[in-house]
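Notes for the structure review
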Amino acid sequence: MSTVQSRPLVGAGVDRVDGPRKVTGTAPYPMDFSVPGQAYGALVQSTVAAGRIVRMHTAAAEGLPGVLGVLTHENAPKVGQGPMTALGASPPAPLRDDRILHHGQHIAFVVADTPEQAAAAARLVRADYETTEPLLDLQDPRAEQLTDPWGMDHSRGDAAAALESAEVTLRATYTTTDNTNNPLGLFATLAVWEGDTLTVHDTSQWPSMVRTTLAVVFGIPESSVRVLVPYVGGGFGAGLRAWPHVILTAMAARLLNRPVKLVLTRPQMFTSVGHRPRGVQWLSVGATREGELVALDHRSLSALGMQETDFEPFSSGTAFAYRCPHVITRDRQARLNIAVPTSMRAPAEAQGNFALESALDELAETLRMDPLDLRLRNYTDVDPRNGLPWSGKALRECYEVGARRFGWYDRDPEPRSMRDGNWLVGYGMASAMFPWFAQPCSAQATVNRDGSALVRSAATDIGTGTYTVMAQLAADELGLPLELVRFDLGDSDMPHSMMAGGSGLTGGLGNAVHDACGELVRRFARLAGGDADSPLRGVSPDEVECTGGRLHLAGRPERGESYADILARHGLSELTAHGSSSPPVAEEIGMSLAGAYGAKFVEVRVDADLGLVRVARVVSVIDGGRILNAKTARSQIIGGTVGGIGMALFEDTVTDPRTGRIANGTFGDYLVAVNADVPDLDVVFVGEPDRGTPTGTKGVGEVGLVGIAPAIAGAVHHATGKRLRDLPITLDCLL
């Protein structure tokens, strides 16, 4: 596999091409769309967590002015089950029976002429229930457990025997809580039917999947469904599924033969579009007295909805994180009467990394060894699962650069040894990694007679900078100035794209754009090479370069001509090419595909009397492969770091243990990190283009969050001497 080497390692940090529209308020988000004659929907949600509906009371709502209808399980049309996707099965179809599986489940959908009328009517809908005791405790023995649900459990060597004979052992239990994605933009859906053709504006990170799901659910061809998502007001994983409210909106629009729009409320966001699931993890670590790992046993139990799938293999990253001959990882999920969990930024790795890196810190303390030195001692340049070299790994450089910039070795390693007045000062660090991920992608590239280019794919930009970095990549490939290249996305009628998630879009889509642009250059070269009037006559596509909107013989810019001249002489208004990408196979390329790596260094201050924790500074050194845009990549790491601070110190979705009701489902009660909680963040990129793919990129969306929580926990221990194994770390834990 040859990787592009002619581009700079760090791409120019150009401003976002969509920035002006966002700052002037003209970027259309899903909740901004309206069409003439639209009606408005409002959800009615269950007030119990388990049981069944005995009777629905809708007459009072139906009698209000402007109300067009109330859908319940008693009158809603039956629709098909959504398909299996790359991230698991679709959620169950809405309103299909009388069963209640969680508090906040959608039990009715009200449609009215105005949003106020719909909301008022929804408040009048009541249900009589026959309740049962809900399963809410993760370790309730009555809960059904799924063992190795994704087939990712790993075993090598004999971990049990190695632990028995290890010179030093550590055993610890770690817990993480439910966290809710909470993007700023409320999720919204607008559905419009014209005969059997459906157009949907939706808050989605994956338009192609929503299109497929709606086609299957309503029994129509995919070509009859169009999903539009030009802008997304944040997602963090919540937009990776076609949720029941999307189907309900389209169902109501079809029944009424009228466009219907739904905007979720903030409390509904807590029960309708997923959350990071809580979990318990058990770590057993064996090592020599010199700090060499000999055994790792990592097991987890995480929460799952009653009839859902969710990809959360907490322990899977431990299988390849360090050099260790004896490793076992085991993941289980327990079905509970809870709102559906789903991906949240750095799914599974956020939780699993917290446990693993915290355990290594504890091991280092037991060995009286520096935590960074312990990690360096167990560093590996090959994938321990198969012995193949990594396609790119600069984690050692991350350690070295981070330690130097942070001043890691200047610290006094003894807990409670560093103070600044009444503030206890602590340093902590952690490794970070996020597995390589990509799905098949397609793109289309066109150059017009005026010399401009248009590149298209059905991707989304959830704030990561896809509009910008794909335009940059296309401009580089086509030899055009950035201002002459436009990248369009957010329309399922465009070439198929993978989801904006899993840190995979930049790689998967970037490789498709690279392929499309390369094929377009070759098409131009073939036209010119076969033209007796072209200065490139007789030149093969392999002999040309493109710069400044011109094709020319490699190394001889004077022998060439512009795209516009080639098109004009052949009477063409434009020339188009298609490209695609598929994930490479490790065995075929002789390398294990490496995701992003990083080293995180954190300083905290803890008030000695009150237990208040303040993050004073964070240094993140990241190996993200080839960085296409230094500014947007840095922004991704900053955003992930803020999410990591929230996970470590603030975020906790609290469920009433008796009723299953989420008790803090508002921004007034659910705490997130705000400006005052976030210090200046130092972000540095190191490493080389990854050898595994043509563009040499890795995703950096998730790795910014991974490692922050254990680094903060380690810093709190260094400051206070208290080892905390449960998140979030709150002042009551430290008093």
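Residues numbered from 1 in each chain as written. Predicted model: local features only at pLDDT ≥ 70, side-chain atom pairs only at ≥ 80, totals over all residues. Heavy atoms only, no water.

Observations concerning the confidence of the model for the protein chain
For the protein chain, the average pLDDT comes to 96, and 99% of its residues sit at 70 or higher. When the criterion is pLDDT under 50, residues 1–10 qualifies, and its contacts beyond four places in sequence or with other chains add up to 34 contacts. (pLDDT = per-residue confidence, 0-100. Contact = heavy atoms within 4.5 Å.)

A short note on the packing of helix H5 (residues 207–218) against helix H6 (residues 244–256)
At a minimum axis separation of 11 Å, H5 and H6 run at an interaxial angle of 50 degrees. One finds that H5 runs oblique with respect to H6. For the element pair H5 and H6, the recorded crossing hand is right-handed. Facing H5, whose interface residues are Leu214, Val217 and Phe218, H6 presents Val246, Ile247, Ala250, Met251 and Arg254. Per-class residue counts for the contact of H5 with H6 are seven nonpolar, no polar and one charged. (Axes fitted to C-alpha atoms, helices over the stretch in contact; angles between N-to-C directions. Helix = DSSP H or I, 4+ residues; strand = E, 2+ residues; numbered from the N terminus. Parallel < 35°, antiparallel > 145°, perpendicular 65-115°, else oblique. Left-handed = near helix turned anticlockwise from the far one by under 90°. Nonpolar A, V, L, I, M, F, W, Y, C, P; charged D, E, K, R; others polar.)

Concerning the environment of Leu304
In this fold, Leu304 is placed in strand E17 (residues 293–304). When the C-alpha atoms of Leu304 and Leu395 are compared, they prove to be 33 Å apart, with 91 residues separating the residues in sequence. Not counting residues up to four positions away in its chain, the partners in contact with Leu304 are Leu146, Thr309, Asp310, Gln333, Ala334, Arg335, Leu336, Ile338 and Pro341.

Considering a nonpolar patch on the surface
Among the surface-exposed residues, Leu68, Leu255 and Leu256 lie close enough to one another that they form a single nonpolar patch of about 230 Å² accessible area. Mapped onto the secondary structure, Leu255 falls in helix H6. (Patch = residues over 30% accessible without salt bridge, like charges linked within 9 Å, V, L, I, M, F, W, Y side chains within 5 Å. Areas by Shrake-Rupley, 256 points an atom, 1.4 Å probe, with all protein chains shown as cover. Salt bridge = Lys/Arg side-chain N within 4 Å of Asp/Glu carboxyl O.)

A look at the pattern of salt bridges
A full pass over the atoms with the stated rule returns 37 salt bridges. Among the salt bridges present, the one from Arg278 reaches Asp178, with a minimum N-O distance of 2.7 Å. Placement of Arg278 in the loop between helix H7 (266–272) and strand E16 (279–287) and of Asp178 in the loop between strand E11 (168–176) and strand E12 (188–194) is noted, with a sequence separation of 100 residues between them. In this pair, the class of Arg278 matches that of Asp178, namely buried. Arg299 is the salt-bridge partner of Asp297, the closest N and O atoms lying 2.7 Å from each other. (Buried < 20%, exposed > 50% of the residue type's maximum accessible area, 1.4 Å probe, protein only.)

Here we look at the nonpolar core
In terms of nonpolar packing, the biggest core is built from 90 residues, with Leu293, Leu363, Phe601, Val604, Leu649 and Ile712 touching the most fellow members. Per-element tally for this core: the top contributor is helix H9 (residues 349–367), with nine residues. What Leu649 contacts, discounting residues up to four positions off in sequence, is Val613, Val615, Ile712, Pro728, Ile729 and Thr730. Of all hydrophobic cores here, the second largest spans 89 residues; its members include Ala27, Val260, Leu489 and Leu551. (Core = buried A, V, L, I, M, F, W, Y, C linked by side-chain atoms within 4.5 Å.)

Overview of empty space enclosed by the protein
In this approach a probe as big as a water molecule rolls over the atoms, and the regions it shows empty are the leftover space. Taken as a whole and judged by the stated rule, the model has six cavities of 30 Å³ or more. Its boundaries defined by the atoms lining it, the largest cavity holds a volume of some 410 Å³. What lines the largest cavity is a set of 26 residues, and nearest its centre among them are Pro92, Leu101, His102, Gln105 and Pro244. Of all elements in the fold, only strand E6 (99–100), strand E7 (106–112) and H7 reach the threshold of two or more residues within the lining of the largest cavity. (1 Å grid on protein atoms, 1.4 Å probe; cavity = no way out; pocket = protein on both sides within 12 Å on 5 of 7 lines; lining within 4 Å. Points joined across faces, edges and corners; volume = space filled by probe spheres on them.)

Some words on the environment of Val35
Here Val35 is to be found in the loop between helix H1 (19–23) and strand E1 (39–45). Taking the C-alpha atoms as reference points, Val35 and Val260, 225 residues apart in sequence, are found 9.2 Å from one another. Every residue in contact with Val35, bar those within four places of it in the chain, is listed here: Leu190, Val192 and Pro259.

Thoughts on the sheet that holds strand E28 (residues 596–607)
The mixed open sheet is built from five strands, whose spatial order is E19-E20-E28-E29-E30. Strand pairing shows two members of the sheet lacking a second neighbour, strand E19 (419–420) and strand E30 (681–686), which therefore form its edges. Across six bridges, strand E29 (residues 613–623) lies against E30 in parallel orientation. Bridge pairing in E30 places Asp623 opposite Val686. (Pairing = 2+ DSSP bridges.)

Overview of the state of the cysteines
For the structure on display, the rule yields zero disulfides. This cysteine, Cys441, is not joined by any disulfide, and Cys517 carries the nearest cysteine sulfur, 14 Å off. Using a relative accessible area of 2% as the deciding quantity, one classes Cys441 as buried. (Disulfide = S-S within 2.5 Å.)

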